[in-house]
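Single-letter residue listing:
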Amino acid sequence: MSAVSRRSFLTGTVGVAVSFVLLPAGPAVARSVAAAPAGRMRIEESTSPTSLAWLVLTPEAITVYCGKVELGTGIQTAMSQVVVEELRLTVADVRYVQADTLLTPSQGTTAGSKSLQEGAEPLRHAAATAFAALQRMAAQHLGTADAPERVKARDGAFSWGNRTVTYAALLAEADLETVADLTVPLVATADLKVVGRSVPRVDLPAKLRATFTYVADVSLPGMLHGRVIRPSGRNATLRSVDKAPPMSVPGVTDVVVVGNVVGVVATGEAAAARAAQSAGSWALWNAGPAMLPWATLEDELRSPANWYAEVAEAPLRRGNAPAVLASGGTVLERNYFTPFLMHAAMGASASVADVRAAPDPLTGIRATVWSGSQNVTNLRGAIADLLGLPAAQVRVVYTEASGCYGHNGADDCAADAALLSKAVGRPVRVQWTRQQEHGWEPQGPASAHTLKGKIGATGIEAWWHTLYAPTHGSRPVATNAGTLVAGQLTGKLPAALPATAANSAGRNSQVTYARIPHHQVDAKLVRSFTTVPGGRAPATTGFAWKLPRSTSLRSLGGFSNTFANESFFDELAAAGGRDPLELRIAMHEDSRAVAVLAALRPAWTGRPTSGGRGAGVAFQQYELENAYAATYAEVVVDAGGTVRVTRMVCAHDCGRVVNPDGLRNQIEGNLVQGVSRALKEETVWRNDTVTTTVWQPAPPFSLAPQYAVLRFDEVPEIECIVIDRPDEPMWGAGEPAIGTVGAAVANAVFAAVGARVRRLPITPERVQAARPHA
Amino acid sequence: MTERSIRLNGAEVTLTTDDPLSQLLYALREQAGQHGPKFGCGVSQCGACTVLVNDVPTRSCVSTVAALPTAPPAQVRTLDGLDPGHPLPQAFLDEQAAQCAFCINGMVMGSLAWLESRVAAGEKKVPTRSEVATHLSGDNAQTFTYLCRCGAHNRIIDAIRAAAKEMAR
Ligand code: FES
Ligand code: FES
């Protein structure tokens, strides 16, 4: 037998011993599920591959097998709330098995604020179906089979009259597999007991007790510790390796060289780190071509020589903006720019891989990889390609890392671990250094924007936005190891660049102000690497990176587009003599958009207007059709141009709220990270090497610029105004609010000192340069 | 081969290393099974690896096993050894003061030493928000910097103040 079907594995119809051991006290999930006795029930929904959810009930446990993973945003708690609501239980009663290519259905990527939106509804229906089935069984058992609605559920038991039966007792007799029935009634809004409450996060107690297993904590018997050595630049190639120096470090067992991937493997992490630290003297590189120059990046983005496609963003295009703008009146044209930005997770990426010489006889798995990936299914395929194995022989187990905010180094680190484990024939844990995370993580790209608009008596009459940006999409592709750094360094090419800006650089490039009659957005797509002539595919000869590999970072193009759009909106309002908040309200037809903006009125009317203080607002409807966010920011600007954001108010509507405190936590996180991007963050490179490879130290230290993030004494006071819409669909909250922050802060700086800064981050130098001269 | 006997959360533990530059962080994780201290940056910038050595917040990613004091054996305290009922972790739960929580080890252990020293000095006042923020921001001279990337800062400050109140009672 080569493999056990996932289905029988989950329901436990066959006795399976699974070689899955997490040390020291990791969740022995697979074994306990496999060992479950015959009494079981499984509900499956399979309307489409991305909305598949499994719920398994046995007398021992109720388990959610979910491809949507906890990224530190509270998803596990919110999903559990949704399930137990229908089952009339509490969150403590369910277990949640996260993405594992062997155990859970593929639910695509956990990203884009889509977890609840895509994952919760199927689970909810599955839970409702399970409850209805249990209720029928209970009715039978309690002697009222013809009227199951009469049996009442409470604390894991059903009762009718003075008789009761527990869920567990019913499940011990059950043997049912069924598909979720979308017609089974759901708990009515008025009767919700768990959904809509601030249930504490289920994962936090273990995290505070240090008993939680992050991916960096995964430990296997016989595991070795690895470090990789990265090339001197994106386009560098290996010249020579002298293995003698690292091998002389006590504890080092192997020096691995595969193409341009160099790694050291040792019995302990200190030895691996020690050997890797001196790599500058024993691993030598040939310099490759420089990337586009960082210092003139904006010009490069705007240069047609660097574009591979010109596209129009279609859905909201209307009227004839170019003609109206050419017809005179109060017309403005302004340029904006945002830099390359890092995810910059607090934990440098780590991963563990166990690549065996032969497949496991029961599961067929030969390579198992523990990773904080946002998409275990695609990572599995890419690693299979890297290792030259069929995808069915590779298992990727999601294990939480530090918060990632998008596609960071997690997948690439997993590929490194897989390569090293394959080379040495033992499980290997790879810990990237901080310098490798900052230097090699895929990043959110820079973008340049030109906005043209006209304001007249009725408000904004025309709007034309042209953006210039590389892709925001280079996630692993299931068939292509070239989408992983280790693949690229071993001769594979990355995936072709996308044909459009949709769901990428173009996100939120359009605005949803329905009363702007003429509206147009064009995008110029910038090459990240050399391509075949006139095409999107990577060049097959002389391939070289032109820019740091760019990818999905929280809200993708939404952050830079909304910075440009909403800064420009204020510039038009000022040119037309209009109040920027009231003009926004006036330009909307959508009452939910108006509601979030109107919620800012109290803050706005009480705003400071003197002494270097001022306030700004900005609005965004995420992806033009999801959550609404309107943000108010108050700043104080000192004589030297240093901006401090002192207070923020965010009004937020993401439909039905599952967990109000969890939602507030997300909004706060968005705002803090947004302020950090607005004021401090910028990736710098020289030739083909990123040079911002550690955190910017606190004053009085100052190095050459490093990657600066907001510190505790720079965080504003935050107020969240959550507009709950219990009868509307649930929309995600992981990233809608961050888009509003850049413009809210820039608009506040303008209000405070008259300096219009059109380039992020808003540094003291830029503020001073933009100040009106006395 | 260097051996260091320490008292880890009150229990005697021997750490061994064959490299005088071996970092304390790796020894605590591999040899003593500690998961509280984490590798965040490895270069003393973020605080994720913080442990207390004789009640002094110490960045275990850059301090070495060999440098631990020997006589008497160093008292090393980690998040793993902190009583879950202690006011600090409890306050973090009460305030839901985390997102991914990867950074939290630093704020808990760094504040633990700070708040204990305040209590020992008879200080009854709860530190202000700005005092807590300043403490966690660091000045690279007297105090360390603690970083959080998820934006849980305000909640973390609230939690530390709540714990301070409790600990001063
Ligand atoms: S890991 Fe030690 S300070 Fe960052
Ligand atoms: S909670 Fe994630 S880094 Fe602080």
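Quick caveat, the model's predicted, so the values are computed rather than measured.

Draft legend 1. Spatial organisation of the overall build of chain B. Of the regular secondary structure elements, chain B holds five helices and five strands. Going from the N terminus to the C terminus, chain B shows its helices and strands as β-β-α-β-β-β-α-α-α-α. Rg of the C-alpha trace for chain B: 16 Å, near the compact-globule value of 15 Å for 169 residues, within the 12% margin. Dimensions along the principal axes, computed over C-alpha positions, put chain B at roughly 45 × 35 × 30 Å.

Draft legend 2. Seen up close, the interface of chain B and chain A. Across the boundary between the two partners, chain B contributes 51 residues, which contact 68 residues of chain A. Ranking the residues of chain B by area buried against chain A places Q99, R149 and R155 of chain B at the top, with a combined share of 18%. The tally of links between chain B and chain A comes to five salt bridges. Notably, a salt bridge pairs D19 of chain B with R274 of chain A, separated by 3.0 Å at the nearest N-O pair. Counting across the interface, chain B meets chain A through 31 residue pairs in polar contact (both at pLDDT 80 or more). Elements that contribute at least two residues to the side of chain B that touches chain A include exactly α1 (24–32), α2 (87–94), α3 (104–120), α4 (129–137) and α5 (153–167) of chain B. Of the residues forming the side of chain B that touches chain A, the biggest block, five residues, is contributed by α5 of chain B.

Draft legend 3. Looking closely at the pattern of salt bridges. All names here are of chain A. This model, assessed by the stated rule, comprises 42 salt bridges over all chains. E682 is the salt-bridge partner of R766, the closest N and O atoms lying 3.8 Å from each other. Highlighted residues: R766 in helix α22 (residues 764–770) and E682 in the loop between α20 (660–679) and β26 (685–686), separated in sequence by 84 residues. Taken together, the salt bridges that share partners define one network made up of R201, D203, K207 and E400.

Draft legend 4. How the structure looks around unusual backbone geometry. Cis geometry is found at the peptide bond from L760 of chain A to P761 of chain A, where omega equals -5 degrees. With respect to the element layout, P761 of chain A can be found in the loop between α21 (738–753) and α22. Across the junction of A71 of chain B and P72 of chain B, the peptide omega takes the value 0 degrees, indicating a cis bond. Considering the arrangement of structural elements, one finds P72 of chain B in the loop between β4 (56–59) and β5 (75–77). One non-glycine residue with positive phi stands out, namely N54 of chain B, at about 50 degrees. Within the secondary structure, N54 of chain B sits in the loop between β3 (50–53) and β4. Since its relative accessible area comes to 36%, N54 of chain B is described here as partly exposed.

Draft legend 5. Local environment of the domain arrangement of chain B. All names here are of chain B. Splitting chain B by domain gives domain 1 (2–81) and domain 2 (87–167). Taking only C-alpha atoms, the centre of domain 1 and the centre of domain 2 are 21 Å apart. Between domain 1 and domain 2, the contact holds 19 residues from the first and 13 residues from the second. Of the roughly 1,300 Å² buried between domain 1 and domain 2 on both sides combined, carbon and sulfur atoms contribute 61%. For the pair domain 1 and domain 2, the interface holds one salt bridge. A salt bridge links E116 to R77, with the shortest nitrogen-to-oxygen separation between them at 2.9 Å. Counting the contacts that link domain 1 with domain 2 gives five residue pairs in polar contact (both at pLDDT 80 or more). Of the residues contributing to the side of domain 1 that touches domain 2, the split by class is eight nonpolar, seven polar and four charged.

Draft legend 6. A look at the packing of aromatic side chains. Residues and elements named next belong to chain A. For the structure shown, the criterion picks out 15 aromatic pairs over all chains. On the basis of an interplanar angle of 50 degrees and a centroid distance of 6.4 Å, the ring pair of W463 and F569 is categorised as tilted. Here F569 lies in helix α16 (residues 557–575) and W463 lies in strand β21 (residues 459–469), a separation of 106 residues in the sequence. Summarising the burial analysis for this pair, W463 and F569 share the class buried.

Draft legend 7. Focus on the sheet that holds strand β5 (residues 152–154) of chain A. Residue and element names in this part refer to chain A. Overall, antiparallel pairing links the three strands, which are arranged β5-β6-β7 in an open sheet. Of all strands in the sheet, those bounded by a partner on one side alone are β5 and β7 (163–166). If you compare each strand with its neighbour and ignore which way they point, the axes differ by 30 degrees on average.

Draft legend 8. Focus on the packing of α2 of chain B against α5 of chain B. Residues and elements named next belong to chain B. Interhelical geometry of α2 versus α5 gives an angle of 140 degrees and a closest axis separation of 8 Å. Taken together, α2 and α5 sit at an angle that is classed as oblique. The way α2 lies across α5 gives a crossing that is right-handed. Residues P87, L88, A91 and F92 of α2 form the contact with α5, whose own contacting residues are I156, A159, I160, A162, A163, E166 and M167.

Draft legend 9. Structural detail: the sheet that holds strand β20 (residues 447–456) of chain A. Residue and element names in this part refer to chain A. Spatially, five strands are ordered β14-β22-β21-β20-β15 in an open sheet, and the strand pairing comes out mixed. Unpaired on one side and paired on the other, β14 (307–318) and β15 (330–338) mark the two borders of the sheet. Mean inter-strand twist for the sheet, computed between neighbouring axes without regard to direction, equals 15 degrees. Two strands pair when backbone bridges link them, and β15 and β20 are joined in this way by nine bridges, in the antiparallel orientation.

Draft legend 10. Seen up close, the environment of T642 of chain A. Residue and element names in this part refer to chain A. Inspection of the secondary structure assignment puts T642 in the loop between β24 (628–637) and β25 (643–653). Judged by relative accessible area, T642 falls into the partly exposed class, the value being 39%. Between the alpha carbons of T642 and Q768 there is a distance of 8.9 Å; along the sequence they are 126 residues apart. With near-sequence residues (within four places) excluded, T642 lies in contact with V636, V637 and P764.

Draft legend 11. Geometry of the pairing of strand β19 (residues 428–431) of chain A. Residue and element names in this part refer to chain A. A two-sided burial pattern is seen for β19, the buried positions comprising V428 and V430 on one face and R429 and Q431 on the other. When strand β16 (residues 350–355) meets β19, the two strands line up antiparallel, connected through four bridges. From the neighbouring strand, V352 faces β19, where its bridge partner is R429.

Draft legend 12. Region of interest: the side chain of R592 of chain A. All names here are of chain A. Within the fold, R592 resides in helix α18 (residues 591–598). Residue R592 is classed as buried on the basis of its relative accessible area, which comes to 11%. Within the local environment of R592, its side chain forms a polar contact with the side chain of E728, the two groups lying 3.4 Å apart. Sequence-distant contacts of R592, defined by excluding residues within four places in its chain, comprise Y628, D653, G655, R725, E728 and W731.

Draft legend 13. Seen up close, the confidence of the model for chain B. Summary statistics for chain B give a mean pLDDT of 95 and a share of 98% for residues scoring 70 or more. Two numbers describe this predicted complex: its pTM, 0.93, and its ipTM, 0.98.

Conventions and cut-offs
- Residues numbered from 1 in each chain as written.
- Chains lettered and ligands numbered in written order.
- Predicted model: local features only at pLDDT ≥ 70, side-chain atom pairs only at ≥ 80, totals over all residues.
- Heavy atoms only, no water.
- Helix = DSSP H or I, 4+ residues; strand = E, 2+ residues; numbered from the N terminus.
- Rg over C-alpha atoms; globule rule 2.2 N^0.38 Å.
- Contact = heavy atoms within 4.5 Å.
- Buried area = accessible area lost by both parts, 1.4 Å probe.
- Salt bridge = Lys/Arg side-chain N within 4 Å of Asp/Glu carboxyl O.
- Polar contact = N/O pair within 3.5 Å; in protein donor to acceptor, adjacent residues only side chain to side chain.
- Buried < 20%, exposed > 50% of the residue type's maximum accessible area, 1.4 Å probe, protein only.
- Domains from an automatic or database assignment.
- Nonpolar A, V, L, I, M, F, W, Y, C, P; charged D, E, K, R; others polar.
- Phe/Tyr/Trp six-rings, centres within 6.5 Å; stacked < 30°, edge-to-face > 60°.
- Pairing = 2+ DSSP bridges.
- Axes fitted to C-alpha atoms, helices over the stretch in contact; angles between N-to-C directions.
- Parallel < 35°, antiparallel > 145°, perpendicular 65-115°, else oblique.
- Left-handed = near helix turned anticlockwise from the far one by under 90°.
- pLDDT = per-residue confidence, 0-100.

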